[in-house]
Amino acid sequence: MKGVVYLGDSQVEVRDFPEPEPGPGQVLIQSKVAGLCGSDLHKYHSSRTWANERNGMISGHEPTGIVAAVGPNVDHPCVGDRVCVYHRLGCGHCMDCRSGNAAFCDEGSGSGAFGRTQDGSHADYMLTEARYCLPLPDALSFTVATQLACTAGTAFSALRKIPTHVGDTLVVFGLGPVGLSGLLLGIGMGYRGIGVDTHPYRVDLARKVGKGQVINAQNDDPVDAIRDLTGGTGVGGVLECSGNAIARKQAATVASRGATVVYVGGGSAPDLTVDFADVLTKDLTVRGNSVFSMASYFAAVEFLLKKPVALNQIVTHRFKIAEAVEAFSLFDTGQTGKVVFEWDE
Ligand SMILES: [Zn+2]
Ligand SMILES: [Zn+2]
């Protein structure tokens, strides 16, 4: 089978690998759609030393596909099942793992991830422990599922932290694959949506696929624009997905009294600087969100079955695995929405 390997210094290579065989408790997934993610670009930009230390590890952490084989002692899933695979890996027995929060496990083999600490989803087949397989109903496409495995899954988890007030306004700062899916999901939940970004490609894509208003913060001050759009009251919910220090501050400024602001974007600035008067006098709830729990995945699936949201429109470029060099170099230009590898149905 083919798999993608980081070489360091913004290079990847497609290599041939033997098809893996599932051991006890393991499942072999035949890949269907596997996204590229902003965090894959950090690894893509890593040094040759970092890449060499990975020792030929396969990239990718947004796995979806069909169960091709199961090892001994696996009752679920079954061969032929459609699955989305939880991408963070834990010990399997601590409280975080047992409650579906393997992302927060820090015991033993914890804090691992596909495509970072072990072979990932940018390959024709991927091996996983059965416990990371999440059922994917027929009604949801693999293109949606690869987003639920990471970007849209994270956005949905963040949105769940905002008490729903249908008809309220939601602002999303940063319209990459996390923020744009958050904007579309939020509109699907009944919010009036406003998106903010500075990157022309992202602004244009959001205007094309979103039904909400999109502010280009290069041209317009988002604080003024949002004040105008909300008749001076501000907004009930904010997702800050850009990680930009200015946007972090503005996120609290545009919030209305009693609003919830959820910080999602990591970014490079280590500090969160907001105007404390915004937090105190407006009685704000300030939350953070790091990835998502398995329970949140089930809630996202349930929501999308009732309320289809066109997350597939966030995907702008599709590649075969053999085209990985081109896929990574195009994604690295920033002139894309979500980029995915796909296999024939
Ligand atoms: Zn991701
Ligand atoms: Zn654990």
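Residues numbered from 1 in each chain as written. Chains lettered and ligands numbered in written order. Predicted model: local features only at pLDDT ≥ 70, side-chain atom pairs only at ≥ 80, totals over all residues.

Participant: Which residues make up unusual backbone geometry, and what values go with them?
Facilitator: For the bond from His76 to Pro77, the omega torsion is -10°, close enough to zero to count as cis. Mapped onto the secondary structure, Pro77 falls in the loop between strand E5 (64-70) and strand E6 (82-85). In this structure, Ser10 takes a positive phi of about 60° despite not being glycine. Within the secondary structure, Ser10 is located in the loop between strand E1 (2-6) and strand E2 (12-16). (Helix = DSSP H or I, 4+ residues; strand = E, 2+ residues; numbered from the N terminus.)

Participant: Residues and numbers for the environment of Pro20, please.
Facilitator: Relative to the helices and strands, Pro20 resides in the loop between E2 and strand E3 (26-31). Owing to 19 C-beta atoms within 10 Å, Pro20 belongs among the partly exposed residues under this scheme. Once the C-alpha coordinates of Pro20 and Met126 are considered, the two residues, 106 residues apart in sequence, prove to be 7.4 Å apart. (Buried ≥ 20, exposed ≤ 12 C-beta atoms within 10 Å, placed from the backbone.)

Participant: Outline the packing of helix H5 (residues 151-159) against helix H11 (residues 294-306), supporting the account with residue identities and numerical values.
Facilitator: Put simply, H5 and H11 touch, their axes get as near as 9 Å, and they point 90° apart. The pairing of H5 with H11 is recorded here as roughly perpendicular in orientation. Of the residues in H11, those touching H5 at Gly153, Phe156 and Ser157 are Ser296, Tyr297 and Ala300. (Axes fitted to C-alpha atoms, helices over the stretch in contact; angles between N-to-C directions. Parallel < 35°, antiparallel > 145°, perpendicular 65-115°, else oblique. Contact = placed C-beta atoms within 7 Å.)

Participant: Give a description of the sheet that holds strand E4 (residues 33-36) that names residues and reports values.
Facilitator: Read from one edge of the open sheet, 3 strands run E4-E18-E17, paired in mixed fashion. The outermost strands of the open sheet, each flanked by one partner alone, are E4 and strand E17 (315-319). Between one strand axis and the next, the sheet turns by 30° as a mean value, whatever way the strands run. In terms of strand pairing, E17 meets strand E18 (residues 338-342) through 4 bridges, oriented parallel. (Pairing = 2+ DSSP bridges.)

Participant: Tell me about the sheet that holds strand E9 (residues 125-129), and please be specific about residues and values.
Facilitator: Pairing is antiparallel in the open sheet, where 5 strands are placed in the order E9-E3-E5-E6-E10. On the outer flanks of this sheet lie E9 and strand E10 (133-135), each paired with one strand and no other. Strand-to-strand twist of the sheet, defined as the mean angle between neighbouring strand axes without regard to direction, takes the value 50°.

Participant: Quick rundown of the domain arrangement of the chain? Include the residues and the values.
Facilitator: In terms of domain boundaries, the chain breaks down into domain 1 (2-150 + 293-342) and domain 2 (153-288). If you average the C-alpha positions of domain 1 and of domain 2, the two centres end up 28 Å apart. Contact residues are listed per partner, giving 20 residues for domain 1 and 16 residues for domain 2. Listing elements by their share of the side of domain 1 that touches domain 2, those giving two or more residues are helix H4 (142-148) and H11. Of all the elements, H11 adds the most residues to the side of domain 1 that touches domain 2, at 4 residues. (Domains from an automatic or database assignment.)

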